[in-house]
Amino acid sequence: DIQMTQSPSSLSASVGDRVTITCRASQGIDTYLNWYQHKPGKAPKLLIFAASSLQSGVPSRFIGSGSGTDFTLTISSLQPEDFASYFCQQSYTNTFTFGQGTKLEL
Amino acid sequence: QITLKESGPTLVKPTQTLTLTCTLSGLSLTTSGVGVVWIRQSPGKALEWLALIYWNDNKRYNPSLKSRLTITKDASRNQVVLTMTNMDPVDTATYYCAQSSPGSYYEPPWRADYWGQGTLVTVSS
């Protein structure tokens, strides 16, 4: 299976900050990488697909980039509603795998 | 509005079979390209993809769990059912179902467009 390694596992930030989360694949996955946001007790939400494509309705402050093995999710200016967990997911192979998640805290 | 809701037991005993149901609203399972997956998250661990079924009944399973899993759909009820046999305490997790839209099928990469809130299943005697 392709291993997805996210960093950091947790991150403290303030409203208005620019933050970046990294996801590294154990082998090349082209741009078959998605990012999700998850708040406790809520359904996870798709933010970015194909490494950099913004899902409909997602604010433009969420920016995805990367290809091959290294990917980033950047939130350009944190808003109060952005404090949540974020995880990446690859679908390059038929066995989808996820990163372990990054908890973004105020 | 597309919503998914998981239902099933909250507690199962070791060796028992778990049956979970995912009920979809807002998008029919008969729509070309639609898929539904089951994913779980054990405490402190990463999410783990379990199984996927498409509108055309094409199915895929996580190889590490394939022998224990069965995924089926009931299009008339717009439901997807996952069964997992021989449950063990290590299977204690929150189980999610998620739906992939036709765009995901015809234009990779596959992605889970909509998720349910998840249901916690505890395996204990």
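Everything below is about the structure printed above this text.
Small disclaimer: the values here were computed from a predicted structure and weren't measured.

**What to know about the environment of Ser67 of chain A**
Residues and elements named next belong to chain A.
Line of reasoning, step 1. Here Ser67 lies in strand β7 (residues 62-67).
Line of reasoning, step 2. Exposure remark for Ser67: the relative accessible area of 47% places this residue in the partly exposed category.
Line of reasoning, step 3. When the C-alpha atoms of Ser67 and Thr31 are compared, they prove to be 4.9 Å apart, with 36 residues separating the residues in sequence.
Line of reasoning, step 4. Setting aside its immediate chain neighbours within four residues, Ser67 contacts Asp30 and Thr31.

**Quick word on the nonpolar core**
Line of reasoning, step 1. Core analysis: the largest hydrophobic core is formed by 27 residues, its most contacted members being Trp38 and Tyr95 of chain B.
Line of reasoning, step 2. Taken together, the elements giving at least two residues each to this core come down to β3 (18-25), β4 (35-41), β5 (47-54), β7 (69-74), β8 (79-84), β9 (93-100) and β11 (119-123) of chain B.
Line of reasoning, step 3. Per element, the largest residue contribution to this core is four residues, and it comes from β3 of chain B.
Line of reasoning, step 4. With residues near it in sequence (within four places) discarded, Tyr95 of chain B still touches Glu6, Leu18, Leu20, Trp38, Ile39, Arg40, Leu50, Met84, Met87, Gly118, Thr119 and Val121 of chain B.
Line of reasoning, step 5. Within the second largest apolar cluster, 24 residues are counted, among which are Ile2, Ile21, Val58 and Phe71 of chain A.

**Here's the deal with the environment of Gln90 of chain A**
All names here are of chain A.
Line of reasoning, step 1. Here Gln90 shows up in strand β9 (residues 85-90).
Line of reasoning, step 2. Overall, the relative accessible area of 0% leaves Gln90 in the buried class.
Line of reasoning, step 3. Here the alpha-carbon distance between Gln90 and Met4, two residues 86 residues apart in the chain, equals 7.7 Å.
Line of reasoning, step 4. Excluding anything up to four places from it in sequence, Gln90 contacts Ile2, Met4, Ile29, Tyr32, Leu33, Thr95, Phe96 and Thr97.
Line of reasoning, step 5. At 3.2 Å, the side chain of Gln90 forms a polar contact with the backbone nitrogen of Thr93.

**Section: the pairing of strand β4 (residues 33-38) of chain A**
Looking along a regular strand, one sees the side chains alternate between the two faces of the sheet.
All names here are of chain A.
Line of reasoning, step 1. Within β4, six of the six residues are buried, which leaves it mostly tucked inside the rest of the structure.
Line of reasoning, step 2. On β4, burial covers both faces: Leu33, Trp35 and Gln37 on one face and Asn34, Tyr36 and His38 on the other are all buried.
Line of reasoning, step 3. Examined bridge by bridge, β4 and β9 share six bridges and lie antiparallel to one another. Of the residues in β9, the one forming a bridge with Asn34 is Gln89.
Line of reasoning, step 4. Bridge analysis of β4 against strand β5 (residues 45-49) gives three bridges, and the strand direction is antiparallel. Residue Gln37 lies in a different strand from β5, and its bridge partner there is Lys45.
Line of reasoning, step 5. Following β4, the chain reverses through six residues before pairing antiparallel with β5; Gly41 in that reversal takes a positive phi of roughly 75 degrees.

**Re the interface of chain A and chain B**
Line of reasoning, step 1. Every contact between the two is made by 23 residues of chain A and, on the other side, 19 residues of chain B.
Line of reasoning, step 2. Overall, the association of chain A and chain B removes approximately 1,800 Å² of surface from exposure, summing both partners, and the carbon and sulfur fraction of that is 64%.
Line of reasoning, step 3. For the chain A face of the interface with chain B, the top three residues by lost area are Pro44, Phe96 and Phe98 of chain A, together amounting to 32%.
Line of reasoning, step 4. Our enumeration of links across chain A and chain B arrives at zero salt bridges.
Line of reasoning, step 5. For the interface between chain A and chain B, the tally reads three residue pairs in polar contact (both at pLDDT 80 or more).
Line of reasoning, step 6. Residue assignment for the side of chain A that touches chain B shows that the elements contributing at least two residues are β4, β5 and β9 of chain A.
Line of reasoning, step 7. Here the side of chain A that touches chain B is built from residues that sort into eleven nonpolar, eleven polar and one charged.

Calculation notes
Residues numbered from 1 in each chain as written. Chains lettered and ligands numbered in written order. Predicted model: local features only at pLDDT ≥ 70, side-chain atom pairs only at ≥ 80, totals over all residues. Heavy atoms only, no water. Helix = DSSP H or I, 4+ residues; strand = E, 2+ residues; numbered from the N terminus. Buried < 20%, exposed > 50% of the residue type's maximum accessible area, 1.4 Å probe, protein only. Contact = heavy atoms within 4.5 Å. Core = buried A, V, L, I, M, F, W, Y, C linked by side-chain atoms within 4.5 Å. Polar contact = N/O pair within 3.5 Å; in protein donor to acceptor, adjacent residues only side chain to side chain. Pairing = 2+ DSSP bridges. Buried area = accessible area lost by both parts, 1.4 Å probe. Salt bridge = Lys/Arg side-chain N within 4 Å of Asp/Glu carboxyl O. Nonpolar A, V, L, I, M, F, W, Y, C, P; charged D, E, K, R; others polar.

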